[in-house]
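Structural description and commentary
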Amino acid sequence: MDNANETNKTNEENSAETASDHFDIQLLYNSLEKCCEESNALDIEQYLIAFKELYRFFTLLGSVFGFVASDIISKINILEEYKKSDASDQYSTIQSMIEFETCNGITGDTTRPSGSRTLLRLHRSLEFIMSFMSDFSCADPDAKSSTIAQKCYNETLSKYHPWLIRKGATFAMYTLPARQQFIERVYGAPCDEATIKFYGKMMGDIANVSKKVYDETHKLFEANDLLNLP
């Protein structure tokens with residue numbers, strides 16, 4: 001009986017781990033929406049939940065977006081450490097974090113990445129993500145996701161990367177599949193037409209709600225002269 005219980009427990013743990021690795025497009029949308037739900041507040045916890053899903057989204061596509069995925073997860077880890085620190089209350093919203101760090105000289109401290117600097121890197125990634133999802137959602141069924149990704153990358157994230165990373169990223173994107181196969185890879189199985197339409201629509205919805213989060217965050221960084229933090 002003990003062995004059976006142990007086996008069941010192990011199976012449950014494995015199932016939970018598998019579930020946690022599964023990309024949840026609805027959770028991504030919900031967390032971005034909740035991020036800016038409160039007036040005059042951008043919830044960092046919901047922001048990080050959204051980026052954890054985006055990390056899963058990019059890892060599903062293999063090494064093609066490895067340069068984005070690795071950067072996202074490292075920044076998530078840094079911000080989560082700040083949220084566990086003695087000053088955790090100051091890291092509940094993006095507004096409170098920026099105010100706390102600017103008032104205490106933390107943003108100018110180069111000995112460690114500040115929360116504001118770290119979130120700025122995610123903010124730049126979000127610009128690429130919302131651009132890609134927006135273009136992808138309204139593309140023709142036979143459109144090449146590689147062409148969409150390259151265009152969006154060149155217009156957004158590439159301006160922050162050195163030449164070597166830009167060349168590597170652009171080359172890697174050539175291997176992305178066509179639009180339908182891209183959705184099936186994200187979904188995790190062959191898709192019928194209804195599922196493909198649903199994912200296309202959801203990506204458009206995510207692009208729209210991402211823009212709200214992006215615009216509000218951008219205003220905060222701009223107002224505090226933090227858009228060019230090294």
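Refer to the structure presented above.
Residues numbered from 1 in each chain as written. Predicted model: local features only at pLDDT ≥ 70, side-chain atom pairs only at ≥ 80, totals over all residues. Heavy atoms only, no water.

**Some words on the overall build of the protein**
As a reminder of what qualifies: Each helix is a run of H or I in the DSSP string that is no shorter than four residues. Each strand is a run of E no shorter than two, and both are numbered from the N terminus. Relative accessible area decides the class of each residue, using a 1.4 Å probe on protein chains only: under 20% of the type maximum gives buried, over 50% gives exposed, and in between gives partly exposed. Two residues qualify as a contact provided that any one of their heavy atoms is within 4.5 Å of a heavy atom in the partner residue. Surface accessibility in these figures is a Shrake-Rupley result with a 1.4 Å probe; residues are shielded only by whichever protein chains are displayed.
Within the protein, the regular secondary structure consists of 10 helices and 0 strands. Counting across all 230 residues of the protein, residues that qualify as buried make up 43%. Considering only contacts within the protein whose residues lie at least 6 apart along the sequence, 69% involve residues at least 24 apart. Surface summary for the protein: the accessible area is close to 12200 Å², and the carbon and sulfur share equals 49%.

**Section: the state of the cysteines**
We count it as follows: In this description, the term disulfide denotes a pair of cysteine sulfurs within 2.5 Å.
Taken as a whole and judged by the stated rule, the model has 0 disulfides. A disulfide-free cysteine, Cys 35 has its sulfur positioned 5.9 Å from the sulfur of Cys 36, the nearest such atom. Since its relative accessible area comes to 1%, Cys 35 is described here as buried. Assessed through its relative accessible area of 23%, Cys 36 is described here as partly exposed.

**Focus on the side chain of Ser 158**
Of note, Ser 158 is situated in the loop between helix H7 (145-155) and helix H8 (163-173). Not counting residues up to four positions away in its chain, the partners in contact with Ser 158 are Tyr 153 and Arg 166.

**Notes on unusual backbone geometry**
One non-glycine residue, Asp 225, lies in positive phi territory at about 55 degrees. Looking at the secondary structure, you find Asp 225 in the segment after helix H10 (193-223). Its relative accessible area of 68% is what places Asp 225 among the exposed residues.

**Points about the pattern of salt bridges**
Note that side chains of opposite charge can pair when their charged atoms are close. As a reminder of what qualifies: By definition, a salt bridge exists where a carboxyl oxygen of Asp or Glu is found within 4 Å of a side-chain nitrogen of Lys or Arg.
Under the counting rule described, the total for this entry stands at 10 salt bridges. Salt-bridge contacts for Glu 155 lead to Lys 151; the nearest nitrogen and oxygen are separated by 3.4 Å. Here Lys 151 and Glu 155 lie together in helix H7, a separation of 4 residues that amounts to about one turn.

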